[in-house]
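# Working through the structure, step by step
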Amino acid sequence: MTEPKNQRLAHVFALLTVGLWSTVASAFKLSLRYLQPAELLFYASIVSCGVLLAVILWQGKGGELRRLQRQDWLASIGFGALNPFLYYLVLFRAYELLPAQQAQPINHTWAITLTLLSIPLLRQKIDRRQFLAIGISYIGVLIISTHGEVLSLHFDSPAGVGLALFSTVIWSLYWVFSTRDRREPVIGLFLNFCCSLPLTGGYLVLVHGLRPVEPAGLLGAAYIGVFEMGIAYVFWLKAMKLSTDTARIANLIFICPFLSLIFIHFLVGEQILPATFIGLLFIVAGLVLQGRSGGRDRDGEQP
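In short, a report on the structure. (Residues numbered from 1 in each chain as written. Predicted model: local features only at pLDDT ≥ 70, side-chain atom pairs only at ≥ 80, totals over all residues. Heavy atoms only, no water.)

## Comments concerning helix H5 (residues 100–107)
- The element H5 is extensively covered by neighbouring structure, given that 8 of its 8 residues are classed as buried.
- Taken as a whole, H5 has its buried residues at Ala100, Gln101, Gln102, Ala103, Gln104, Pro105, Ile106 and Asn107. (Buried < 20%, exposed > 50% of the residue type's maximum accessible area, 1.4 Å probe, protein only. Helix = DSSP H or I, 4+ residues; strand = E, 2+ residues; numbered from the N terminus.)

Pasting the structure below:
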């Protein structure tokens, strides 16, 4: 049976998104050779605002910006403080302290963190299968963080591991709060980045001060602003909107961390350790098990 045209387009947009997301861990690490985390966030955010505004105007939604109300701006300030300001500051600092092959898979466990936070925040109950999934994923984190020497519990950078895990908490909180967000998604993201700029700029001036930066650093920030913080998000929304089977699209995300390791090896120059690959298998296995268990629970709740 021939696949519907919209579904084929959805797969194209989803694969483009996965391809772009797979490069950003390398872009983070390379850019942080030239920039402080706050500098990288500030310059990338400026570019992201321009890209998202261009998308909004291209989609013919510029009029919605003029109809924004006071509560929209207040929401944008709150969301912007959480993401991108706090989330990327913590994430970039984790990448600064850790090899990319460690920071990227650990950050990928945000879905597991979301499951844990949904218990107190959303009053959701999780079953034993989901607890097993959580345990499997965090065993993977332990394997990666200790280079496979799990029993030694020796971490090259405990602070880096802690920050990478904390970034998953921030992102999960952002996701939970976003479920109540009624703003159009691209406009909401644009407003978040705009409202976070004064926070990021103020933090940068107070903590580091403004300084001339090398063109390579600005180029990296521009890449991150265009793709990680802009086009990839728009492509993913497009894929989900076109798809008649969102589960098939969502499963493509599991390609991302493995593809990232290839870019990290060839672009950043890191020698990928066997422990990284084994730990990543544990993390993805836990995410798959958690997703299937959650899906069964939702199916069971339907009348």
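## Some thoughts on the layout of surface pockets
- Counted as a void, the second largest pocket has a volume near 410 Å³.
- Lining the second largest pocket are 14 residues, and of these Gln59, Val186, Val234, Leu237 and Lys238 lie nearest its centre.
- Residue assignment for the lining of the second largest pocket shows that the elements contributing at least two residues are helix H2 (37–58), helix H9 (185–207) and helix H10 (215–242).
- Per element, the largest residue contribution to the lining of the second largest pocket is 6 residues, and it comes from H10.
- A breakdown of the residues in the lining of the second largest pocket according to their chemical character gives 9 nonpolar, 1 polar and 4 charged. (1 Å grid on protein atoms, 1.4 Å probe; cavity = no way out; pocket = protein on both sides within 12 Å on 5 of 7 lines; lining within 4 Å. Points joined across faces, edges and corners; volume = space filled by probe spheres on them. Nonpolar A, V, L, I, M, F, W, Y, C, P; charged D, E, K, R; others polar.)

## Considering unusual backbone geometry
- For the bond from Asn83 to Pro84, the omega torsion is 25 degrees, close enough to zero to count as cis.
- Residue position: Pro84 is located in helix H4 (residues 70–97).
- Here the phi dihedral of His147 falls at roughly 60 degrees; this positive angle occurs in a residue that is not glycine.
- By secondary structure assignment, the location of His147 is in the loop between helix H7 (128–145) and helix H8 (158–178).
- Relative accessible area serves as the criterion here: at 33%, His147 is assigned to the partly exposed category.

## Points about H4
- Taking 1.5 Å per residue, 28 residues should reach 40 Å; H4 reaches 40 Å between its end C-alpha atoms and fits that length.
- The axis of H4 is deflected most strongly, by about 40 degrees, at Gly80, and proline Pro84 appears within four residues downstream. (Expected span 1.5 Å × (residues − 1). Bend = angle between axes of the 7 residues up to and from the residue.)

## Details of the packing of helix H6 (residues 110–122) against H8
- Between H6 and H8, the shortest axis-to-axis distance is 9 Å and the interhelical angle comes to 55 degrees. The orientation of H6 relative to H8 falls into the category oblique. The crossing of H6 and H8 is right-handed. Contacts between H6 and H8 involve Trp110, Thr113, Leu114, Leu117, Leu121 and Leu122 on the former and, on the latter, Thr168, Val169, Trp171, Ser172, Leu173, Trp175 and Val176.
- Looking at the contact of H6 with H8 residue by residue, the classes come out as 10 nonpolar, 3 polar and no charged. (Axes fitted to C-alpha atoms, helices over the stretch in contact; angles between N-to-C directions. Parallel < 35°, antiparallel > 145°, perpendicular 65-115°, else oblique. Left-handed = near helix turned anticlockwise from the far one by under 90°. Contact = heavy atoms within 4.5 Å.)

## Some points on the side chain of Ser145
- The topology assignment puts Ser145 in helix H7.
- From its side chain, Ser145 meets the backbone oxygen of Val141 in a polar contact 2.7 Å long.
- Ignoring sequence-local partners within four residues, the contact set of Ser145 consists of Gln102, Ile106, His154, Phe155, Asp156 and Val161. (Polar contact = N/O pair within 3.5 Å; in protein donor to acceptor, adjacent residues only side chain to side chain.)

## A look at the nonpolar core
- Grouped together as the largest cluster of nonpolar side chains are 59 residues, with contacts concentrated most on Phe28, Tyr88, Phe92, Tyr95 and Met229.
- Among the elements that make up this core, the one with the highest residue count is H4 (11 residues).
- Apart from residues no more than four positions distant in its own chain, Met229 is found in contact with Leu41, Ala44, Ser45, Ser48, Leu52, Tyr88, Phe92, Leu189, Phe193 and Ile224.
- Judged by nonpolar contacts, the second largest core, of 11 residues, contains Ala10, Val18, Ile249 and Leu252. (Core = buried A, V, L, I, M, F, W, Y, C linked by side-chain atoms within 4.5 Å.)

Scope: geometric values only; no functional claims are made or implied.
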